[in-house]
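A look at the structure
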Amino acid sequence: MSLDSLRPIAPARVRILVLPIGQIKRERFQSFVKRLSQEHVVQLRDISADGRPNRNMFSPLAFPDGAIFYDLITHLPPPSHLALSPFDLFREPLAIVAIADGRELEDVAFSKRQSVNGYAPTMSERNIRTLYQELEELRDIYPKMLTHHVLIFDHKFPTDGSIPLPEGIKAVPPPEQSKRTTIKTVLCDISSLLLAEMNTLARSFEAMTSIDSPGQAAGRPGVQGATSWTSEDATPVARRNSQYAASSVARSASSSGALDRTQARISMPPFRSNPFVSDGSTSSGRPSGPVRSGLSSPPTTFDDIASVTAAGKDLSSSEQKSGSRPVSAGDHVKLAGRDKVSVQGFGPGGLNEKWRNKGKGRATILVGSLYLQAGRWPDALRELVEGATVAKSINDHLWHGKALELIHISLLLLAWVGHEFQLPTICLSPSDKASSSLTKVHEVEDAESDQPKCFQTLQIALPDLLDRVIGLYSRISGEQLPPYPLSETIIRFCNTLTALHLCGGKLGKQSLDMIVLGKSPPQKLDTSPRLSVTPSRTYISALSLKAFPSSAPELLTAMDRAIILSGIAATLGALGYQRKKAFVVRELLSVLIGGLIEARTRGAADVGIHPAAGLITSNGTRRDIKGAEALDLDEGDVEQGIDAFLGLLCKTYGVVGFEGPMTEEMAGLHYSADERVIFQIISQSCTRQFGFLNIKLNILRACINFAEALPDLQGVLKFSSDLLRTAGSGVAPGPRREDASPSILRDEQVRLVTNITKTSSLSRRMGLGDLSADYWDEFLIRGITPDPLPITRSPRPHSKNVLPGITTARTSQDVNPFIYNPFLRTPDKAAVAQTLVLDEPATFRIVVQNPFDIDLEIDSIKLHTEGAKFESSVISAVIGPCRTQILKIKGTPRAAGPLSITGADVQVHGCCERQFLIFSQPWVPGLEPKVKSIGLGVLKGNRTLPASGPSLKPERIALSVIDAQPTVVVKSTSLPQTSVMILEGERRTFSVTLHNTSPTTPADLLLFSFQDSTQGPLQAALTSRDATPAELYECEWILARKQALRLCKIDDSKRYVAPGATATFEFEILGKPGLTKGTIQIDYAYLGVPRSEIKDQFFTRQVCLDLSVTVNASIELARVDVLPIQGNVPMSIQDHTGLVGTKGLASPDQYCLLVMDLRNACSNDMEVRVNAGQDVTIEEHVLPGNINRVVVPVPRIHIADPHVSIPSLNPSRQRQFVVSSGKVTPEIERGNREAFWYRERILEIVSGRWRCVSGLTREGTLHLRNLRLTPRMIEALGVDDIGVDVTAEQTKTAHSAAGLESGIVVDESVAVKVRIMNRMNRPMYPTVRILPSLCNRPINAALDCARKFAWNGTLQQVLPLLEPQCSIEVRIGATALCRGEFEIAASVEETRLWEAPSANCKHEAGEGQNQAEAPESKRKRERADTQTMMDAALGVRQRRIWHSRRPVIVAVRERLEAEAKG
């Protein structure tokens, strides 16, 4: 139903009934009607006057500035509205326009019957003749219409005029051939004929003696006001009401149904009967609502007028000119009552004169109404003022109010075209209010001088004038206006006042355009007060609520009540009263639901099916109607009317919908999908905090009932999901903190979800497509994490620098154990999990939440990714109530590159599939503590302000897809069951075969790393803070030199495994104490390019082979000792070691004895071979369980500086000075360092191997690293830095020819020589002391030999500087004064410490600097304070003393007599 009747100038509009004719489609018909509607305002200056002299009453030449406003309707108004005519003359259509499609003229015949006008040569001409016949039938069916026309759109007629167009048929060319004035010209031609025919209608009104008011027929039975719209001779007993029209003449020879298509409304359901043409049956139609009026049919011809006015004529003369319908009993009663004339009160002032004046005044008002519709507004004003004066004089309140209403419309139209006018006195207030009105006029004149005076007068008088009209309509009298036209009039007045208020209370061009043309308001009002604007919003809203319809069903039909409520809601919305508007809309929804249920039941009964399925079946053929059939609405009406209507209702009450409102700023900019989802969630949160929850739920329940009553399947789905969304908490709950339970009971949740499921299934069965709802929880996905791949398939990232050959620290495939090996470290699980391999499936965990009390059935869920191509599997699941559940899903990357998982595409059962973002963190919206606005301003302000509370940020899973990689597995090994048993010190070789299972990708990079059970304790010892440097060195040496597992040397080119091929590699295992298990780790990859061309990063996979190792003891070093040689080495030992045959006899000064006790802990006989350098080799056979002692002559060792720091094999620990971490004295530190260096030198010299001589052939190395040296052993093993050798030679005289071997004689001189050898690397200042003493005496007595032994010179001498690696000899003479044995020893002491000159001094001396500059150079800072650090570790260097290793024994005897005589 159109709302044009609620426009302010609706009484001035002319209705034209537009019907389809011939073969025409719905869409084409709508487009043609739209073209006509674009020119609905026709100026009188463009209309040609009719040339007939008796048709010039409404000539357009009288007022060229006027205009005719057309209201194009495609259906006949209901009888309850037509019954209001002629009081509301604008409700009757005055013309009929039938529209035909020109494109269909040449396609198919419109009718199969033969034309009465003869044979038509072409299809077009035949169809045109058919259209003319149907036009004649329309004239017969609608005789009351003033004009009848047929418009043929989009047809190209021949220019030669071979196909003439009959009278009443006009052609409209296609849009591309039309001019700007083509449609206007057509409407001007129609208007010219209409104005001419209005002359007849006006004369008929003037000839009437009495005109009934709408309220007079309230109690009369029957509604016959519409019977005159059709020809009654066709079906005498047929009667139409608000839904069914009377039948017309049935065409005997027509089978095409052209007449049916002409009369039927296109938007009506296909199953309904034709509202205008029946099948010839005599059954009357059933009314759709209560009968509102009993008005009879007004006369349509002059014969009817004469039959009414003729006194005493028989009642049967009131029959129409067609005269074929018999008059019923009710008609006799009505006509008789209308023709009664009282015989009392003749003469002036009598009842008869009052009756005549009433009829004359009402006819004058009707003529004025026709002038108003014809655009002759000055003439209308004249007639209406005259009629209002008469009505006022005889207290005809209804018609007095009608005249005032039309007068104010005439004044507004005159003001719109800019004509000066004078406000009629009939429109002014009574005398007691006239002075105040004039005062207001003067005030307005002073304030606004630019406004015309007539506008100012009308502006001031308009509110009072409209109040008077409403008061006249509402006055209780014998004639009372029905509720519907009264409410409609109030709404029209409110729209007029609203336009005036929106324009600041000023009547001007802008406000008049809104009133006349219906233009949009210049601004949208809010709740801000506008106290200075008159009329005020409070007054207008109170006035509009007076039009609120009664709830009694017998007073108004559901459609009338809906129209009134819609008008009130529109007025309140324009005033900014959104909450009041929502209240009215809520009532409107209730009215519509009741009307739809009634229509559904009646329509189902007409078809003969159950009411619950009737309308759904009728709508099943088209998806885009969405309930339009039930309301007789077109598709566009539903999309722009019903949906917007319900959406506005829900928005006003704060219903949480799926589509969040976008602000103007966001609508004009491009935002990402994540930002739009976040904005939608925040908007829903703001909406959820607005309003009252129970009211929202009730509104949504009403919307669901309304959608079910239409039925609108999409609406049922939408509002059901909105109800669940509104009832939900809208939060992302955390662990045991936030309450996410919904606000409705479980039974209602089950009912809503079931309704959604059934509706969605029903739409698919009916062929409507996949109608579905939108899921109601935006936090469905709470997390997505990739599952780690198996350890054998996990790609591990590595930097390019770790490749062998790229850096100097890693020059080969074998890695130094002290250099960082990135392949042995535990990989970053996050980095490994974020790396996928091309064409290899990966598993992901999806955390899904369901905060509702019902099961959540998911039809499909798959990952949503961006970046590289990714193929996700699709799974389904059922999530239990009130829980989060983890689902596993697989996906396969199909292209290499960066990949981002942004969420999941989820389709819940009954809902559409859409993307859900990942919200892993808990989120609860913050509450605004201060109230800054009220009403809908709260909702608008919350959406524009930044969201309070924690920030909401979706999570993205960043992944990386690498190129295809091989998969290598250990196929076999030469070890049985990957276990081995070896002896300590034994080495064994075994092989491992690798198989590349990848069919296309080779493994061109193979890196081997090893781990064993001995590395852990050694690494722990290295990290100990209490370990000494010697212990650290020992652990590092074992790690570096005694690796338990290693790869046998092979060429790097052989480290390659082809696709599907195998490769064998050999490894060596060493038996060492503590070895129980070992692991061979193989890192492999496919690089595809040379290693130097790798950009930044590469990935490897890893395969490991675990070994079980058992190490048994072999030869153990039980005890060790070092002994000095006091005399000559026995020949038996020399023969055993082989020294005699190689270098001669072993000197006591050059060798010492290394004594080792070797124990055979094995069950086999062992043969041990010990080597001491290249010369000494000793073999020993050791029985099982026995301990054999092996004595090995070992060369004595000289170490130039035994106090240097102990080094470290680990490059990261290499420092210049390393001391013990504990608090030790310098003496102990020096001793530890001496022990370390002498032990290392002896281990370099001495080595050993063992071999089994029984059982299996086994051999290995002898473990000597547990050798420990004591200070005594070091003294026996080491050679002093300063060698002191003392010798005594007998003086060669004639008297003593014998040597020293036979002793010396008393009083003979002896030469004592002391040879000093400096073995150090630095010079020294020696002081030598010769110490003669008596043998075999206590120390205090031995040195007292001054009377027994004499010498020549001094026993202590200071010698000059002795250079490194040089020697010096000191000689003195000595004489024994008595016989006996004397012992001569010597010692050397540093006279003073030698200090090396600094480098600066040497350089300056070399440059020839003078002595004056020398002191200055000495004061320069040295490069490093080395000596200070040395003194701190080893103590301050002091003077040392060295003694001779063996003294010289001199035997003195008495001279023999023979010698004396000789």
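Residues numbered from 1 in each chain as written. Predicted model: local features only at pLDDT ≥ 70, side-chain atom pairs only at ≥ 80, totals over all residues. Heavy atoms only, no water.

**Remarks on helix 1 (residues 26–37)**
The end-to-end C-alpha distance of helix 1 is 16 Å, a good match for the 16 Å that 12 residues give at a rise of 1.5 Å each. Along helix 1, the residues that are buried comprise Arg 26, Arg 28, Phe 29, Phe 32, Val 33, Arg 35 and Leu 36. Elements that come into contact with the buried residues of helix 1 comprise strand 1 (13–20), strand 3 (67–73), strand 4 (93–101), strand 5 (147–153), strand 6 (169–172) and helix 4 (182–207). (Helix = DSSP H or I, 4+ residues; strand = E, 2+ residues; numbered from the N terminus. Expected span 1.5 Å × (residues − 1). Buried < 20%, exposed > 50% of the residue type's maximum accessible area, 1.4 Å probe, protein only. Contact = heavy atoms within 4.5 Å.)

**Focus: the side chain of Glu 488**
If you trace the backbone, Glu 488 turns up in helix 13 (residues 483–502). Those residues in contact with Glu 488, other than ones at most four positions away along the chain, are Ser 5, Leu 6, Phe 90 and Arg 91.

**Section: the packing of aromatic side chains**
Each pair of aromatic rings is reported with the distance of its centres and the angle of its planes. According to the stated counting rule, one finds 22 aromatic pairs in the structure shown. Aromatic side chains Phe 32 and Phe 153 sit 4.7 Å apart centroid to centroid with 10 degrees between the ring planes, which places their arrangement in the stacked category. A residue pair is termed long-range when its members are at least 10 positions apart, and Phe 32 in helix 1 and Phe 153 in strand 5 qualify at 121 residues. For Phe 153, a relative accessible area of 0% translates into the label buried. Site record: aromatic cluster; members linked through ring pairs are Phe 990, Phe 1008, Phe 1010, Phe 1065 and Phe 1067. Here the guanidinium or amino end of Lys 580 rests over the ring plane of Tyr 577, the centre of that ring lying 4.6 Å away. Cation over ring: Arg 1265 sits above Trp 1037, and NZ or CZ is 4.0 Å from the ring centre. (Phe/Tyr/Trp six-rings, centres within 6.5 Å; stacked < 30°, edge-to-face > 60°. Lys NZ or Arg CZ within 6 Å of the ring centre and 35° of its normal.)

**Observations regarding the sheet that holds strand 2 (residues 41–43)**
Read across the open sheet, the 6 strands follow the order 2-3-1-4-5-6; overall the sheet is mixed. Each edge of the open sheet is held by one strand with a lone partner, namely strand 2 and strand 6. Averaged over all pairs of adjacent strands, the angle between their axes in this sheet comes to 30 degrees, without regard to strand direction. Here helix 3 (residues 123–141) sits on the sheet in contact with strand 4, strand 5 and strand 6, set at roughly 155 degrees to strand 5. (Pairing = 2+ DSSP bridges. Axes fitted to C-alpha atoms, helices over the stretch in contact; angles between N-to-C directions.)

**Here we look at the packing of helix 23 (residues 693–709) against helix 24 (residues 713–727)**
Between two packed helices, what matters for the description is the angle formed by their axes and the separation of those axes. At a closest axis distance of 8 Å, the pairing of helix 23 and helix 24 adopts a crossing angle of 165 degrees. By the criterion of interaxial angle, the relationship of helix 23 to helix 24 is roughly antiparallel. The interaxial crossing formed by helix 23 with helix 24 has left-handed handedness. Each of Leu 693, Lys 696, Leu 697, Leu 700, Arg 701, Cys 703, Ile 704, Ala 707 and Glu 708 in helix 23 lies in contact with helix 24, whose residues at this interface are Gly 715, Val 716, Phe 719, Ser 720, Asp 722, Leu 723, Thr 726 and Ala 727. Per-class residue counts for the contact of helix 23 with helix 24 are 10 nonpolar, 3 polar and 4 charged. (Parallel < 35°, antiparallel > 145°, perpendicular 65-115°, else oblique. Left-handed = near helix turned anticlockwise from the far one by under 90°. Nonpolar A, V, L, I, M, F, W, Y, C, P; charged D, E, K, R; others polar.)

**Concerning the pairing of strand 15 (residues 897–908)**
Taken across its 12 residues, strand 15 has 10 buried, putting it largely inside the fold. Two elements, strand 11 (residues 856–867) and strand 15, share 9 bridges in a ladder whose sense is antiparallel. Bridge pairing in strand 15 links Ile 858 to Val 908. Pairing geometry for strand 15 and strand 17 (residues 957–962), over 5 bridges, is antiparallel. Bridge pairing in strand 17 places Leu 899 opposite Leu 959. For strand 15 and strand 16 (residues 914–917), the ladder comprises 4 bridges, and the chain directions are antiparallel. Each bridged residue has a counterpart across the sheet, and for Ala 904 the counterpart in strand 16 is Phe 916. In sequence, strand 15 turns back onto strand 16 through a hairpin of 5 residues, with Gly 910 there showing a positive phi of about 90 degrees.

**Concerning the confidence of the model for the chain**
In the predicted model, the chain carries a mean pLDDT of 78, and 75% of its residues have values of at least 70. Every residue in residues 612–639 scores below 50 in pLDDT, and together they form 72 contacts with partners more than four places removed in sequence or on other chains. Per-residue pLDDT stays below 50 along residues 660–669; that stretch engages in 13 contacts with residues further than four places along the chain or on separate chains. (pLDDT = per-residue confidence, 0-100.)

**Some thoughts on the environment of Val 591**
Mapped onto the elements, Val 591 comes out in helix 17 (residues 578–607). Expressed as a C-alpha distance, the spacing of Val 591 and Asp 560, which sit 31 residues apart in the sequence, is 10.0 Å. Setting aside its immediate chain neighbours within four residues, Val 591 contacts Ala 558, Arg 561, Ala 562 and Leu 565.

**Here's the deal with the environment of Thr 835**
Mapped onto the elements of the fold, Thr 835 is located in strand 9 (residues 835–837). For Thr 835, a relative accessible area of 4% gives the class buried. Sequence separation between Thr 835 and Pro 786 is 49 residues, and the spatial gap between their C-alpha atoms is 9.4 Å. For Thr 835, the contacting residues outside a window of four places in its chain are Pro 795, Ser 960, Ile 962 and Phe 1099.

**Details of the nonpolar core**
Ranked by size, the top nonpolar core spans 191 residues in total, and within it Ile 99, Ile 781 and Phe 844 carry the most contacts. With 12 residues, helix 10 (residues 397–416) is the largest single contributor of residues to this core. Look past the residues within four positions of Ile 781 in its chain and what remains in contact with it is Ile 846, Val 847, Val 848, Ile 861, Ala 904, Val 906, Phe 916, Leu 917, Ile 918 and Phe 919. Among the nonpolar cores identified, the runner-up in size contains 37 residues, and Leu 1158, Met 1166, Val 1246 and Leu 1267 belong to it. (Core = buried A, V, L, I, M, F, W, Y, C linked by side-chain atoms within 4.5 Å.)

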